[in-house]
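# Residue-level structure breakdown
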Protein chains: 2
Amino acid sequence: MNSICAVKGVSAAGIKEGKFGLALIKAKGTAVAVFTKNLLVAAPVILMRERMNNGYLDGIIVNSGNANVYTGTQGLADAKKMCEIAALAFNTAPERVGVASTGVIGRFMHIDIIENQCKRIAPEIAGDEKAEENAAKAIMTTDLFPKSAICKKPGFTVAGIAKGSGMIAPNMGTMLAFIYTDAELSKEELQKALTVATERSFNRVVVDGDTSTNDCAFLTATGLCGKADFKEFCEALEEVCISLAKQIAEDGEGASKFIEVSVVNAPSEKDAADVAKTVVGSPLVKTAVYGEDPNWGRFIAAAGRAGVLFDPNHASVSISDGDETVVLASRGEILADDKKYPSALAKAKSMMQGKKIKIIIDLDCGSESALAWGCDLTEKYVEINGKYTT
Amino acid sequence: MNSICAVKGVSAAGIKEGKFGLALIKAKGTAVAVFTKNLLVAAPVILMRERMNNGYLDGIIVNSGNANVYTGTQGLADAKKMCEIAALAFNTAPERVGVASTGVIGRFMHIDIIENQCKRIAPEIAGDEKAEENAAKAIMTTDLFPKSAICKKPGFTVAGIAKGSGMIAPNMGTMLAFIYTDAELSKEELQKALTVATERSFNRVVVDGDTSTNDCAFLTATGLCGKADFKEFCEALEEVCISLAKQIAEDGEGASKFIEVSVVNAPSEKDAADVAKTVVGSPLVKTAVYGEDPNWGRFIAAAGRAGVLFDPNHASVSISDGDETVVLASRGEILADDKKYPSALAKAKSMMQGKKIKIIIDLDCGSESALAWGCDLTEKYVEINGKYTT
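What you see is a predicted model; the values in this text were computed from it and never measured. (Residues numbered from 1 in each chain as written. Chains lettered and ligands numbered in written order. Predicted model: local features only at pLDDT ≥ 70, side-chain atom pairs only at ≥ 80, totals over all residues. Heavy atoms only, no water.)

## Some details on the interface of chain A and chain B
The interface is formed by 54 residues belonging to chain A together with 55 residues belonging to chain B. Both faces considered, chain A and chain B share a buried interface measuring about 4,500 Å² in area, 61% of it formed by carbon and sulfur atoms. Applying the counting rule to chain A against chain B returns 6 residue pairs in polar contact (both at pLDDT 80 or more). Of all the secondary structure elements, the ones that give two or more residues to the side of chain A that touches chain B are helix 8 (283-290), helix 9 (296-304), strand 11 (325-330), strand 12 (333-334) and helix 11 (379-387) of chain A. If you tally residues by element for the side of chain A that touches chain B, the top one is helix 11 of chain A, at 7 residues. (Contact = heavy atoms within 4.5 Å. Buried area = accessible area lost by both parts, 1.4 Å probe. Polar contact = N/O pair within 3.5 Å; in protein donor to acceptor, adjacent residues only side chain to side chain. Helix = DSSP H or I, 4+ residues; strand = E, 2+ residues; numbered from the N terminus.)

Structure, rendered in structure tokens:
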């Protein structure tokens, strides 16, 4: 098992028919969640923000194809109805069922489709690889591949599945993550761990504030493997969340290249993250990467407008392909110049031809660091989002 | 005269040879300026931020083709040298000359080209239409057309020229504006007027904080027409700045449509502006406009993440072609739906086929309003910025 079903107590099922998909994930345990900060939120988010106060779930139902947003009281009733439908499959009370949706905004749910799909897959709920794969595929929208991650530690396991084309497309690209562990932890511990891990993973693929109406991440602990060291659990959770976040960035709509921005020697982790997110979210940086151009001027210019105070004349900009690193500009001096340093520029240009580009910015004004992930901006992105009609 | 040379005391000259352009604008008077807030600033910006404290200019020299950014002490010396070169043409002291640059980042200036071009056009400095047009054309980079505006009031005139493809492309798209009036005003009055007008014009084409390394706007008052009513002057200045700002948005790189976002009934003008700028800057809104899709879900979702507190269930979203207006969604109800209101949706879709799209968002939580301007996001933008190599 390489995903959620490797976690003791977790079983699943999923179905995808055209744009309409449904996933059922059964897992009794202490549960917490984090939600989008957008003022406009989906009906299931409104419902779950309240119900998750219970801190307990027996299972989660997720549909793709309709985001159930801007659907008013009808939408809220539909979200509750989904919990009732799933409660029968999980043989529990509707209040113990989590619900999430992703898809188009401003359409009323086709509850009959949900009910029908749920009835058909309920008997298939199982704890095998096929089941977890079906669940991961069922929640996809514009995703090109299902996303899953796992981290096995002595004594417990953390695993999750996610969907999303990243906040490169907040409307279609809602991010959903369902994470499980068989470690035993309190609601407070889980909430603290999930909040920190989300900040360092899912929120780092997101251009600041650019959260969709449906974003949410659920974390359920079945506790079947007993108590775990909290620090060790947090590390495992962060590893899983970062893996899922990177997969979301890699699958960005129309993406041809994966970008990792590493900001080092910043005054604080937040400052480092703000700069990293500004750079990875800059349309000019994205198009430069697409054009395979080591355009460090765009990198440093984006960093300069992140709202973080640093001295550009002390900063350095480098790119790396994972193995080698080339310093493009440092402390006010250009080190990859077609006249003075043609070989460095040539090296940088060849690196930009890779599928994974790492941009490193050294602010030289502190000791904190942060990573952010994204993808390039291509004609394909414009095509996908320009041609897509509500 | 339809631009700066209509202002008493203003004469100009300009030349454009390939990517290298030079403009000279001669005008003795009280002068102020506003500059980019980017931490990484061009050498001429560093120089002028200090020199403008004098509050007086005899003329301005502007080059296109090289932004003189990240060029260290050499760059600062080159900026000063440009003032010296122009001082000869204006027959004044270098300290009384303004300088601005636009073009590529991280290249040293070819001062010989500047000096040569200046010597050739100095004798051509004149107060006619050809001269103001040459100056407006000389400062263009990726601009597709020269930008100028004028507002004649009883007793005085305000006029300006600008360049910029908008902050859609902060690196290549530096925004420069040179505004003149023959009204007589104090340095303090001019600074106050320019700061307010900039906030309501140039800063409304800019996605928040997304300012380039070279952005600046200069305002010079020759005072040859004597004192003017300050309020009346501010209105005229704002009219000129807004006209220039709209031209910059219209000329956005790869743009096929012009977008105006009007946010009304907001708690404050800043709140209204923040929402308007977030919506007009959203890649999903831009691509929806390009795709001629009245995708109000994207409009309201973008508004919801602007960091301004309002109730989406009380807000309304409309689009207009200038003549008619169609309400797409209001107070939680969808009013342009393919089932319930097919005619409204059809009307909205036909409006989206126009060249100028107006999106109106009513927050219903105050009485303040603001406008923001932008353009759609097309494959052409990606091509321009992806293929452009430093």
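Let's pick the thread back up.
## Thoughts on the packing of helix 8 of chain A against helix 9 of chain A
Residues and elements named next belong to chain A. Running from N to C, helix 8 and helix 9 cross one another at 160°; their axes reach a closest spacing of 9 Å. Classified by the angle their axes make, helix 8 and helix 9 are roughly antiparallel. Of the two possible hands of crossing, helix 8 and helix 9 adopt the one that is left-handed. Residue-level contacts link L284, V285, T287 and A288 of helix 8 to R298, F299 and A302 of helix 9. Each residue belonging to the contact of helix 8 with helix 9 can be placed in one class, and the counts come to 5 nonpolar, 1 polar and 1 charged. (Axes fitted to C-alpha atoms, helices over the stretch in contact; angles between N-to-C directions. Parallel < 35°, antiparallel > 145°, perpendicular 65-115°, else oblique. Left-handed = near helix turned anticlockwise from the far one by under 90°. Nonpolar A, V, L, I, M, F, W, Y, C, P; charged D, E, K, R; others polar.)

## Topic: the sheet that holds strand 10 (residues 316-320) of chain A
Residues and elements named next belong to chain A. Across the sheet, 6 strands lie side by side as 12-11-10-13-9-14; this open sheet has mixed pairing. Where the open sheet ends on each side, the last strands, each with one partner, are strand 12 and strand 14 (368-375). Inspection of the sheet shows strand 11 paired to strand 12 by 2 bridges, in the antiparallel sense. Within strand 12, the residue paired with A329 across the bridge is I334. In the packing of helix 7 (residues 269-281) onto the sheet, the strands contacted are strand 9 (258-266), strand 13 (356-362) and strand 14, and the crossing angle to strand 14 comes to about 20°. Against the sheet, helix 10 (residues 342-351) engages strand 10, strand 11 and strand 13, with an angle of about 120° to strand 11. (Pairing = 2+ DSSP bridges.)

## Topic: helix 9 of chain A
In terms of residue burial, helix 9 of chain A counts as a mostly covered element, since 9 of its 9 residues are buried. Those residues of helix 9 of chain A lying buried are W296, G297, R298, F299, I300, A301, A302, A303 and G304 of chain A. (Buried < 20%, exposed > 50% of the residue type's maximum accessible area, 1.4 Å probe, protein only.)

## Some points on the relation of the copies chain A and chain B
Between the two copies of this chain, the relationship is a rotation about some axis together with a displacement along it. With an axial shift of 0.0 Å and an RMSD of 0.0 Å, the rotation relating chain A to chain B amounts to 180°. Taken together, the rotation and translation describe the operation of a two-fold axis. Of every C-alpha in chain A, the one belonging to E379 of chain A sits nearest the axis of rotation, 2.3 Å from it. (Least-squares fit on C-alpha atoms with pLDDT ≥ 70 in both.)

The analysis is restricted to geometry; functional conclusions fall outside its scope.
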